[in-house]
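Examining the three-dimensional arrangement
Listed below are the residues making up each chain.
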Amino acid sequence: MSGDRPPRAVKRAVTVKDVAAAANVSRATAARALNGYGYVGDEASRRVQEAAERLGYRGNRIAQALRQGQMPIVGFVPGDIQNPFFARVAHDIDAALRRSRHSLLIASSEESLSQEQSLLDNLRALNVRGMIVAPASEGDNPHLQRLVRERVPLVLIDRELPGIDCDSVTVDNEGGAREAIALLIANGHRRIALIHDESRIATARQRREGYLRALAEAGLPVEEGLIAVSQSTVEHAIDATIRLFSRPERPTALFTVDSLMTTGALLALRSMGLAVPRDVSLIGFDDFDLATFTDPQITVVAQPVGQIGPLAVEMLLERIRGSDAPARHVRFPTRLITRGSVARADFGRRAGA
C-alpha cells in the first residue's frame, strides 16, 4: 500500500573482526583482549578496548564468563544418554547440582573414546568447574590422566579405571552377574547364554567375568557359542538373541547385561514364539520399568541408581571447594530381585514338550 513505510534496515552487529580492523590488530589479538585470555600487550589491549567502545561492540558475555570460570557449570559425559540407567543418573546429578546453585551440561560420548576425548577438551575450554564421566574405555586414557594432573575436579561413575587417581562411584558388577548365573544354575540350567557389549567397557567385562566365574564354581564348561557380543541397543540385542536361539541346541536360559539388551531379548524371543519362562528363563542386569509391566515380570540385578548421582555430585563439590583428601572409591553392592522369569530347566522342557 502507498501509505506503508519502507521497512527499516536491520543494523548489523559489530563483530570482533570490525574491532580488530579499527584497532589495527589481528582478529586473534582482538579476541584475546576482548575475552580476557592469552597474552596481549598493553598498547594493543588499549586500542582494542577503545575501538570496541567507539563501535559499540557487545561481546558474548556468557561465553566470556564460561572461559573465565565465573559460571557454576558442571559437565557430565555419560556413555549413552538413551540408556535408562544414564538418563536416571543424569536426572539425579542435575537435581543435586541445582541444590548447590550449579547447572549441568550433558554431552554423551555414545561409547566412543575419540568422541569422549573431544567432548572433554571442549568442556575444558569452557572452563567448567568440574566433570563427571563414565569412561568409554578401560585403556588409552591420557586425556583423563591429564585432567587429574591439572587438578580439574573429576569423578568417574559406573566404571572405575586403574591408574586414574580420582574419586569414583561404581557397583559390584562381577558379584551381581555371578549371583544371577548362580540362581539359574540352582534351577537346573546348564546351557546359559550371555549377551554383553564390548569388553573395552569396564562394566561389560566385569559382568562377563561374573558369568564365567559362576560357571567355573559350578564346574560347568564355557561354551563360546553361547556368548554373543552386541551393541547396547534394542535392535542389536534382537539380532544377537535370534542368533543364539536359532542354534540346533538352543540355550535354556539367557543373561543380558543392561536394560536395553533385556528389552531386545524379550522382543526377539516373542518373535520366535518362545515364552518366558516356559521355554527360556531370563535375567537382566539393571531394573527398568518394563521389567514389572511384562507378564511374567523379569528377574533383574538391580543397581542402587538413586544413590550414584547424588554421591558423585557430593564428591565433585568437595573437590571444587578445594579438598585435597585422598581419592574415594565407593562400590555399591547390587541386589538380585527375583520375579517370575526364571523356572526350573526340567519344568521348562516338560512344558515345551
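For the structure given in this document, a descriptive report is provided here. Going along each chain's sequence as written, the residues are numbered from 1 onward. For a predicted model such as this one, the threshold for reporting local features is a pLDDT of at least 70, and the threshold for listing and counting side-chain atom pairs is 80 or more; totals across whole chains, interfaces and linings nevertheless cover every residue. With hydrogens and water stripped out, all remaining heavy atoms of the structure feed into the side-chain values.

**Notes on the overall build of the chain**
What counts, and what does not: Numbering of helices and strands runs from the N terminus, with a helix taken as a DSSP run of H or I at least four residues long and a strand as a DSSP run of E at least two residues long. The classification of residues rests on relative accessible area computed with a 1.4 Å probe and restricted to protein chains. Under 20% of the type maximum is buried, over 50% is exposed, and intermediate values are partly exposed. Residue contacts are counted whenever heavy atoms from the two residues lie within 4.5 Å of one another. The accessible surface values rely on the Shrake-Rupley method and a 1.4 Å probe; as for residues, cover is taken only from the protein chains in view.
From N to C terminus, the chain includes 14 helices and 12 strands. The C-alpha extent of the chain, read off along each of the three principal axes, is 90 × 70 × 35 Å. Taken across its 353 residues, the chain has 50% of its residues classed as buried. When contacts within the chain are restricted to residue pairs at least 6 apart in sequence, those whose partners lie at least 24 apart make up 69%. Here the chain displays about 17600 Å² of accessible surface, and carbon together with sulfur accounts for 50% of that area.

**Here we look at the nonpolar core**
Filter applied, for reference: Among buried residues, the Ala, Val, Leu, Ile, Met, Phe, Trp, Tyr and Cys ones that are joined through side-chain atoms within 4.5 Å form a nonpolar core.
Ranked by internal contacts, the top residues of the largest apolar core, which has 43 residues, are Ile181, Tyr211, Leu254, Phe255 and Ile283. Setting aside residues no more than four positions away along its own chain, Leu254 makes contact with Ala193, Leu194, Ile195, Thr241, Leu244, Phe245, Ala265, Val280, Ser281, Leu282 and Ile283. The next biggest cluster of nonpolar side chains, apart from the first, holds 25 residues, and it includes Phe86, Ala134, Leu311 and Met315.

**Some points on the packing of helix 1 (residues 16-23) against helix 3 (residues 42-55)**
As a reminder of what qualifies: Inter-axis angles, ranging from 0 to 180 degrees, are taken between N-to-C directions of lines fitted to C-alpha atoms, where helices are fitted over the stretch in contact. Any angle from 65 to 115 degrees is called roughly perpendicular, while one under 35 is roughly parallel, one over 145 is roughly antiparallel, and all others are oblique. Crossings are sorted by hand: turned counterclockwise from the far helix by less than a right angle, the near helix makes the crossing left-handed, and turned clockwise it makes it right-handed.
At a minimum axis separation of 8 Å, helix 1 and helix 3 run at an interaxial angle of 120°. In terms of axis orientation, helix 1 runs oblique to helix 3. For the pair helix 1 and helix 3, the sense of crossing is right-handed. Only Arg47, Val48, Ala51, Ala52, Arg54 and Leu55 of helix 3 make contact with helix 1, whose side of the interface consists of Asp18, Val19, Ala22 and Ala23.

**Some details on the pairing of strand 1 (residues 73-77)**
On a regular strand, one side chain projects to one face of the sheet and the next to the other, so that they alternate. Heads up, the condition is: DSSP-based pairing: two strands are paired if at least 2 bridges between them are found.
For strand 1, the tally of buried residues reaches five of five residues, placing the bulk of the element in the interior. The two faces of strand 1 match: Ile73, Gly75 and Val77 on one face and Val74 and Phe76 on the other face are all buried. Where strand 1 lies against strand 2 (residues 103-106), four bridges are found, and the strand directions are parallel. In the strand pairing of strand 2, Val74 is matched with Leu104.

**Looking at the environment of Glu209**
Along the chain, Glu209 turns up in helix 9 (residues 202-217). Taking the C-alpha atoms as reference points, Glu209 and Glu138, 71 residues apart in sequence, are found 15 Å from one another.

**Thoughts on the packing of aromatic side chains**
What counts is decided by this rule: Each aromatic pair joins two rings of Phe, Tyr and Trp (for Trp, the six-membered one) with centres within 6.5 Å, and gets the label stacked for planes under 30 degrees apart, edge-to-face for over 60, and tilted for any other angle. Note on criteria: charge over ring means Lys NZ or Arg CZ within 6 Å of the ring centre, with the direction from the centre no more than 35 degrees off the ring normal.
For the structure shown, the criterion picks out one aromatic pair. Here the aromatic rings of Phe85 and Phe86 are separated by 5.1 Å at their centres, their planes lie at 70°, and the arrangement is edge-to-face. Residue classification places Phe85 among the buried positions, given a relative accessible area of 7%. Using a relative accessible area of 3% as the deciding quantity, one classes Phe86 as buried. Directly above the aromatic system of Phe285 lies the positively charged group of Arg207, at a separation of 3.7 Å from the ring centroid.

**Focus: the sheet that holds strand 4 (residues 154-157)**
Spatial ordering of the open sheet is given by 2-1-3-4-5-11, a layout of six strands whose pairing is parallel. Bordering the open sheet on either side are strand 2 and strand 11 (329-332), each of which pairs with just one other strand. In this sheet, adjacent strand axes meet at a mean angle of 15° when their direction is disregarded. Across four bridges, strand 1 lies against strand 3 (residues 130-133) in parallel orientation. Bridging across to strand 3, Gly75 finds its partner in Met131.

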